[in-house]
Amino acid sequence: MKSRPSKQRLKQRGILRERVFGCDLGEHLKNAGSDVPQVLRSCSEFIEKHGIVDGIYRLSGVSSNIQRLRHEFDSERVPELSKDVYLQDIHSVSSLCKLYFRELPNPLLTYQLYNKFAEAVSVSGNEECLVRVHDVIQQLPPPHYRTLEYLLRHLARMAMHSQNTSMHIRNLAIVWAPNLLRSMALESVAQCGADAFQEVRVQSLVVEFLLNNVQVLFSDTFTSVGKDSAGRCFLPRPKSQLVSCPSTRLLSLEEAQARTQALCKISRPEAKRESTDPQGQGKVSSVLGSPDARQKAESNGRLRKTSGPSWRTFFAIGKAPVTFRKKSHRLGELFGLGESLPGGQAETVTLRSAKSEESLTSQASMT
């Protein structure tokens with residue numbers, strides 16, 4: 001029996017192709033064997049050479065040209081950007097570069113570090129803010145760190161041509177921020193109004209601070225709390241992919257139904273075990289029938305009953321009082337006979353003796 005061909009051989013034959021867009025950054029760089037994505041390298045070199053035009057990275061290119069470039073990169077081919085079709089539509093190349101980072105499963109600045117970046121830029125004082133942001137950058141996974149440095153240096157060079165492009169650092173930060181930094185908590189809910197505005201503000205502040213201080217933050221001589229004396233980072237680095245989302249593959253209908261049935265099978269025995277557990281019943285009965293609860297209920301009932309004249313005094317007109325002691329019989333408890341009053345005196349009740357219908361009619365005839 002022949003063994004299955006290796007993954008490398010399938011790649012050589014062109015049967016298996018690794019996707020570029022929508023693939024995790026660390027996984028893509030590992031498969032490609034490069035330090036930074038080829039999409040970023042090719043697009044940045046082309047834009048620095050031919051893209052000193054008005055509105056670069058702000059204006060969008062022709063959609064068909066963007067899709068054509070994307071298909072070539074996904075086919076593991078480096079497109080020839082010097083063609084006339086791309087020279088006449090430079091914005092399609094810049095739009096493709098932003099599209100690559102927008103489709104990353106985990107953003108370049110990662111979901112895990114969103115709150116840390118937001119807290120770091122909110123610190124008062126430029127020096128303290130530099131230290132905080134530098135420490136957060138050191139926690140990025142190595143593929144994200146290298147790619148971020150390459151991209152920020154490219155955008156800083158483009159900002160130097162703001163007189164020709166009208167894209168200074170703040171404008172570049174506004175158009176690039178949603179592609180680099182996102183919050184999973186805000187993406188999971190339908191954000192609108194103040195929450196959406198706050199996220200955009202945080203994103204632009206973080207990216208603008210990074211662009212203004214890129215030379216210092218990525219300098220080998222800059223040290224902060226996150227590095228030891230040898231310049232090595234000792235802060236924990238998050239994984240490139242999300243821990244809660246080990247796979248970005250969509251589930252089929254059959255797989256989703258199978259997982260749901262498995263969860264139902266697990267939950268049913270637990271529910272049955274809880275319903276048949278005598279200890280659980282004892283806990284419930286002890287809570288419901290605790291002495292303190294009964295005492296409170298009885299005291300509240302007595303206060304309500306003795307707040308006004310009892311209905312039994314209606315039958316006590318002209319008769320001798322009859323005293324009843326409190327008994328534990330259910331009928332006595334039901335009618336509340338023999339209860340003590342708040343003053344410690346026993347409540348007395350008189351009942352009229354019952355007479356038959358014949359005695360009543362005989363008395364009426366005699367009168």
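Residues numbered from 1 in each chain as written. Predicted model: local features only at pLDDT ≥ 70, side-chain atom pairs only at ≥ 80, totals over all residues. Heavy atoms only, no water.

A.B. asks: I'd love a proper account of the overall build of the chain, names of residues and values included.
C.D. replies: Scanning the chain from terminus to terminus reveals 19 helices and two strands. Within the span of the chain, comprising 367 residues, buried residues form 34% of the whole. Counting only contacts in the chain whose residues sit at least 6 apart along the sequence, the fraction spanning at least 24 positions is 76%. Approximately 23,900 Å² of the chain is accessible, and the part contributed by carbon and sulfur atoms is 54%. (Helix = DSSP H or I, 4+ residues; strand = E, 2+ residues; numbered from the N terminus. Buried < 20%, exposed > 50% of the residue type's maximum accessible area, 1.4 Å probe, protein only. Contact = heavy atoms within 4.5 Å. Areas by Shrake-Rupley, 256 points an atom, 1.4 Å probe, with all protein chains shown as cover.)

A.B. asks: Quick rundown of the nonpolar core? Include the residues and the values.
C.D. replies: Grouped together as the largest cluster of nonpolar side chains are 62 residues, with contacts concentrated most on Phe101, Leu109 and Ile137. Among the elements that line this core, the one with the most residues is helix 9 (residues 142–159), at eight residues. Setting aside chain neighbours within four positions, we find Phe101 in contact with Leu40, Leu108, Thr147, Leu151, Trp176, Asn179, Leu180 and Arg182. (Core = buried A, V, L, I, M, F, W, Y, C linked by side-chain atoms within 4.5 Å.)

A.B. asks: So what about helix 11 (residues 169–180)? Which residues, and what values?
C.D. replies: Inspection of helix 11 places Leu172, Ala173, Trp176, Ala177, Asn179 and Leu180 among the buried residues, and these make up the whole buried set. Buried residues of helix 11 fall within an arc of 155 degrees about the axis and therefore sit on the same side. (Arc of directions from axis to C-beta.)

A.B. asks: Tell me what's going on with the packing of aromatic side chains, and back it up with residues and numbers.
C.D. replies: In the structure shown here, the tally under the stated rule is five aromatic pairs. Ring plane angle 70 degrees and centroid distance 5.8 Å describe the contact between Phe101 and Trp176, whose orientation is recorded as edge-to-face. With Phe101 in helix 6 (residues 90–102) and Trp176 in helix 11, the pair connects residues that are 75 residues apart, well separated along the chain. In this structure Trp176 comes out as buried when scored by relative accessible area, which is 0%. A ring pair is formed by Tyr145 and Phe218, whose centres lie 5.4 Å apart and whose planes are at 55 degrees; its orientation type is tilted. Placement of Tyr145 in helix 9 and of Phe218 in the loop between helix 14 (214–217) and helix 15 (253–275) is noted, with a sequence separation of 73 residues between them. Each member of the pair, Tyr145 as well as Phe218, carries the same accessibility label: buried. Every member of this aromatic cluster is reached through a ring pair, and the members are Phe21, Tyr57, Tyr100, Phe101 and Trp176. (Phe/Tyr/Trp six-rings, centres within 6.5 Å; stacked < 30°, edge-to-face > 60°.)

A.B. asks: Account for the packing of helix 7 (residues 114–121) against helix 8 (residues 126–137), with residues named and values stated.
C.D. replies: The N-to-C vectors of helix 7 and helix 8 enclose an angle of 165 degrees; their axes lie 8 Å apart at closest approach. Classified by the angle between their axes, helix 7 and helix 8 sit roughly antiparallel to one another. For the element pair helix 7 and helix 8, the recorded crossing hand is left-handed. Contacts from Lys116, Phe117, Ala120 and Val121 of helix 7 reach helix 8 at Cys129, Arg132, Val133, Val136 and Ile137. Counted by class, the contact of helix 7 with helix 8 contains seven nonpolar, no polar and two charged residues. (Axes fitted to C-alpha atoms, helices over the stretch in contact; angles between N-to-C directions. Parallel < 35°, antiparallel > 145°, perpendicular 65-115°, else oblique. Left-handed = near helix turned anticlockwise from the far one by under 90°. Nonpolar A, V, L, I, M, F, W, Y, C, P; charged D, E, K, R; others polar.)

A.B. asks: Got a sec to walk through the side chain of Glu72? Specific residues and values, please.
C.D. replies: Structurally, Glu72 can be placed in helix 4 (residues 63–74). No salt bridge is formed by the buried Glu72; the nearest opposite charge belongs to Lys83, separated by 5.0 Å. Contact partners of Glu72, with chain neighbours within four places excluded, come to Arg77, Pro79, Glu80 and Tyr86. (Lys, Arg positive; Asp, Glu negative; His and termini not counted. Salt bridge = Lys/Arg side-chain N within 4 Å of Asp/Glu carboxyl O.)

A.B. asks: I'd like to hear about the side chain of Thr165, residue by residue, with values.
C.D. replies: Topologically, Thr165 is positioned in helix 10 (residues 162–165). By relative accessible area, Thr165 is classed as buried at 0%. Among the polar contacts listed, one links the side chain of Thr165 to the backbone oxygen of His161, at a separation of 3.0 Å. Ignoring any residue separated from it by four or fewer positions in sequence, one finds Thr165 in contact with Gly51, Ile52, Val53, Asp54, Gly55, Ile56 and Met158. (Polar contact = N/O pair within 3.5 Å; in protein donor to acceptor, adjacent residues only side chain to side chain.)

A.B. asks: Explain helix 2 (residues 25–32) to me, using residue names and the numbers behind them.
C.D. replies: Every buried residue belonging to helix 2 is among Leu25, Gly26, His28 and Leu29, and all of these are buried. An end-on view of helix 2 places all buried positions within 165 degrees of arc, on one side of the element. Taken together, the buried residues of helix 2 touch helix 6 and helix 9. If you check the start of helix 2, you find a side-chain oxygen 3.1 Å away from the backbone N of Gly26, and it comes from Asp24. Within two residues after helix 2, Gly33 carries a phi angle of roughly 70 degrees, on the positive side.

A.B. asks: How would you summarise the packing of helix 3 (residues 38–50) against helix 6 if you had to cite specific residues and measurements?
C.D. replies: Contact geometry of helix 3 with helix 6 gives a least axis separation of 10 Å together with a crossing angle of 150 degrees. Regarding the angle of helix 3 to helix 6, the classification is roughly antiparallel. Crossing handedness for the pair helix 3 and helix 6: left-handed. Counting all contacts with helix 3, which are made through Val39, Leu40, Cys43, Phe46, Ile47 and His50, the residues of helix 6 involved are Ile90, Val93, Ser94, Leu96, Cys97, Tyr100 and Phe101. Of the residues contributing to the contact of helix 3 with helix 6, the split by class is 11 nonpolar, two polar and no charged.

A.B. asks: Outline the pattern of salt bridges, listing residues and values.
C.D. replies: For the coordinates displayed, the defined rule picks out seven salt bridges. Here Arg70 and Asp74 are joined by a salt bridge, their closest N and O atoms 3.8 Å apart. You can see Arg70 and its partner Asp74 sitting in helix 4, four residues apart, about one turn around the helix. With a shortest N-O distance of 3.2 Å, Arg170 and Glu208 are connected by a salt bridge.

A.B. asks: Before we move on, could you go through the confidence of the model for the chain and cite the residues and values that matter?
C.D. replies: Here the chain averages 74 in pLDDT, while 54% of its residues score no lower than 70. Note on residues 324–335: pLDDT under 50 across the span, and 10 contacts to partners over four residues away in sequence or across chains. (pLDDT = per-residue confidence, 0-100.)

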